[in-house]
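Fold and contact review
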Amino acid sequence: MGAFVVAGCNSSSGGTSNSSVVAANTAGGSGDVTTTAAPTEEPLRSNTGAQVKPPAGLGNAQGRVLWNEKPASGIKVQLCETVSFIGGCGGKTFTATTDKDGNYTVDKVAPGEYGLAVQVFDTDTFVYPTSGILSAAKYTIVAGETLDIRATNLFKTDLQTISPKVGETVKSGTPELSWKPYQGATEYEVRLSPKGSGAEMQSMKTSETKVAPENPLLNGDYKWEVVARNANGVKIAETRSETPFKVAGQAGSAKIVLESPRVGTSVVGNGLVLKWQKHPLADVYQIYLNAENGKTPILSFEEVQTNSYTVSKTLESGLYFWSVNAKRGGKQVAASELESFRVK
């Protein structure tokens, strides 16, 4: 079970809760924690404190928040009636704060299903455990019962990068990516990718505080971030945001430019020819094409060696999306944005 991260948490009145309710602006993000949820019996409860019996007609939820596998105190925890990637917490919200042992009890909760929100220390960021891709995990509160939520391993967002700096232009295809050492970390994961919807990410793990890309970079805009983990593989920190930089002086670009049909234009659906700029390093291209609501792609990364392709199928009226990847020796070297056009 993972989690997505939202900066802030929008909430409304907490109903019968005797806890405070938080309202704030939100913005989307991403991240991960390790957490699971299920009712359990003693002595498997994650909360190490005394279990609180809920009042008649209401329920409780209890659990524990850890950082680097140690208790995290003073952390705000919320049960939210609704959770969304954009808006964060919504509807009835019940709040608690962890004690010195990292324990929390969200008490006097109206029966129903809720999402869980855990504040990232004193920031405006909340972590929401998920049960799938950007789908908030559901925790069912039953009247007269206390739900145990297994411990959440929180992380900090204060890991700092050194080089390349924000907005810096480097003239090397294998620039050294470096960051400050993080106390308690034994392994780092570096995530590096070109900017764009078709970008292919490089993920590199190291015990050092520097690393070079495994695959040489081409000209273009890139972004990178670092995650720190302890000796047991538990995430303890990450960079607060991705660091953008540019690469110049290389043999080709990391971006494929789509030429026809142009984004937003209208074309006829018979004999449609897709064209893009030739890439100097590509030995094969992959084409993706699908209708706006198409369940099965018309072209599912169809491979060609030329920089054009004639669609054999007559396309019906509607909106379509397409993209092209360039590969060399089986590895992706460049990609286009996912662009749209309309068939008359």
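The structure contained in this document is the topic of the report that follows. Predicted model, so just to flag it, every value in this text is computed and none were measured.

Points about the state of the cysteines
- Tallied over the entire structure, the rule returns one disulfide.
- What pairs with Cys-80 in a disulfide is Cys-89, and their sulfur atoms sit 1.8 Å apart.
- Take Cys-89: its relative accessible area is 3%, and that puts it in the buried class.

Description of the sheet that holds strand β22 (residues 258-260)
- Reading across from one edge, β22-β24-β27 is the order of the three strands in this open sheet, with antiparallel pairing throughout. Of all the strands in the sheet, the pair left with one neighbour each is β22 and β27 (308-310). Strand-to-strand twist of the sheet, defined as the mean angle between neighbouring strand axes without regard to direction, takes the value 20 degrees.
- Bridging between β22 and strand β24 (residues 273-276) involves two bridges; their strand directions are antiparallel. Bridge pairing in β24 places Leu-258 opposite Trp-276.

Describing the side chain of Thr-243
- Mapped onto the elements of the fold, Thr-243 is located in strand β21 (residues 243-247).
- What makes Thr-243 buried here is its relative accessible area of 6%.
- For Thr-243, the side chain forms a polar contact with the side chain of Thr-161, separated by 3.4 Å.

Topic: the pattern of salt bridges
- A full pass over the atoms with the stated rule returns 10 salt bridges.
- Across the pair Lys-100 and Asp-101 runs a salt bridge whose closest N-O atoms are separated by 3.3 Å.
- Beyond isolated ion pairs, a larger network of salt bridges with shared partners links Glu-189, Arg-191, Glu-225 and Arg-229.

Procedures and definitions
Residues numbered from 1 in each chain as written. Predicted model: local features only at pLDDT ≥ 70, side-chain atom pairs only at ≥ 80, totals over all residues. Heavy atoms only, no water. Disulfide = S-S within 2.5 Å. Buried < 20%, exposed > 50% of the residue type's maximum accessible area, 1.4 Å probe, protein only. Pairing = 2+ DSSP bridges. Helix = DSSP H or I, 4+ residues; strand = E, 2+ residues; numbered from the N terminus. Axes fitted to C-alpha atoms, helices over the stretch in contact; angles between N-to-C directions. Polar contact = N/O pair within 3.5 Å; in protein donor to acceptor, adjacent residues only side chain to side chain. Salt bridge = Lys/Arg side-chain N within 4 Å of Asp/Glu carboxyl O.

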